[in-house]
Amino acid sequence: MISFDHLPLHTDILQALRELSINYVFQPIFRPDGKTVYAWEALMRPTEMTVTDLIADYTKKDKLHVLEVATFFGAMQAYFLRGYEERVAINSFPSDCMKQEEADVFLDHFGERIRGRMIIENLEYPYFSPEHWKEKKRSVKFMDNLLAADDFGTGLNNMELMEFMSPDIVKLDREVISGIDHIIEKQENVKKLVEHFHSKNILVVAEGIEEKEEFEYLQGLGIDLYQGYYLARPA
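Cut-offs and rules
For every chain, the first residue of its written sequence is number 1, and the numbers climb from 1 along that sequence. With pLDDT at 70 or above as the cut-off, local features in this predicted model cover only qualifying residues; side-chain atom pairs require 80 or more to be listed or tallied, and sums for whole chains, interfaces and linings still use all residues. For the side-chain quantities, the full set of heavy atoms in the structure was used; hydrogens and water were omitted. Working definition of a nonpolar core: buried Ala, Val, Leu, Ile, Met, Phe, Trp, Tyr and Cys residues. They are joined through side-chain atoms within 4.5 Å. Buried means the residue's accessible area, taken with a 1.4 Å probe over protein chains only, is under 20% of the maximum for its type, while exposed means over 50%, and partly exposed covers the values in between. Every helix listed is a DSSP run of H or I at least four residues long, and every strand listed is a run of E at least two residues long, numbered separately from the N terminus. By definition, residues are in contact when any of their heavy atoms lie within 4.5 Å. Salt bridges are defined by distance alone: a side-chain nitrogen of Lys or Arg within 4 Å of a carboxyl oxygen of Asp or Glu. In this analysis, rings of Phe, Tyr and Trp, with Trp reduced to its six-membered ring, are considered paired at centre separations within 6.5 Å, and the interplanar angle assigns stacked below 30 degrees, edge-to-face beyond 60, and tilted for intermediate values.

(A) Molecular detail of the nonpolar core. With 74 residues, the main nonpolar core has Phe 73, Met 76, Val 190, Leu 218 and Ile 223 as its most contacted residues. Per-element accounting of this core gives the leading share, 12 residues, to helix α3 (residues 64-82). Not counting chain neighbours up to four residues away, the residues in contact with Leu 218 comprise Ile 177, Ile 180, Val 190, Ala 206, Ile 209, Ile 223 and Tyr 226. Tyr 38, Ala 39, Ala 89 and Ile 169 belong to the second largest nonpolar core, which has 10 residues in total.

Structure (structure tokens):
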């Protein structure tokens, strides 16, 4: 169980964090060989409800900021406890970011260990805050870390937003790559996306790979990184 009691945070946020009952699992993101881990994505697992229900509940209560802070501190705590050496990918709400005093505590607590090891994944979510994105980008770049856009190809994360965000990594949604080995329209679409993002020096991740045929076809397209149940489930 993740504990926040030892953190020197403001009393209000600390009390809110103590009300959470959460753990973290990690799903690997692989290099093209499908065996070498590039990064571990930290996934929140509440003990009393699904993560979807938790987010819906905290959205209704206007308390998403609590989950944002919990994700950063909790995921990093779990990551270091596991002793991973590769990068860690942490999910972040596009409508929120840590306050400066919280970010200062985060940096003081984890120190130089986080430099060059984090990938901040901007989740697909109904509201995007340009101001919060700029702040995340500033703090992330300060520590030589990376920014990623999650679930590209569905909903909010469209090409116009990618131009504004200028991420280091784009993750193609399962909907974009499902059945790509036999659906010509998807093959043509992903080829164009890979060419476009590579022209801007952006790494491309195919996520949600569930079939061997999908993985093998994607390898031939020059996708940089791979994630999905076919390769490994969260654990």
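(B) Up close: the pattern of salt bridges. Scanning the entire structure with this criterion turns up 14 salt bridges. Between Asp 5 and Arg 18 there is a salt bridge, with its nearest N and O atoms 2.9 Å apart. Highlighted residues: Asp 5 in the segment before α1 (11-18) and Arg 18 in helix α1, separated in sequence by 13 residues. Its relative accessible area of 44% is what places Arg 18 among the partly exposed residues.

(C) Representation of the packing of aromatic side chains in the model. In the structure shown here, the tally under the stated rule is 14 aromatic pairs. Where Phe 72 meets Phe 106, the ring centres are 5.9 Å apart and the plane angle is 85°; that geometry is what we call edge-to-face. Residue Phe 72 is found in helix α3, and its partner Phe 106 is found in helix α4 (residues 100-110); the two are separated by 34 residues along the sequence. Judged by its relative accessible area of 4%, Phe 106 is buried. Measuring from ring centre to ring centre gives 5.0 Å for Phe 106 and Phe 110, while their planes differ by 55°; the resulting arrangement is tilted. Residue Phe 106 and its partner Phe 110 are both found in helix α4; the two are separated by 4 residues, about one turn of the helix. Note on accessibility: Phe 106 and Phe 110 belong to one class, buried.

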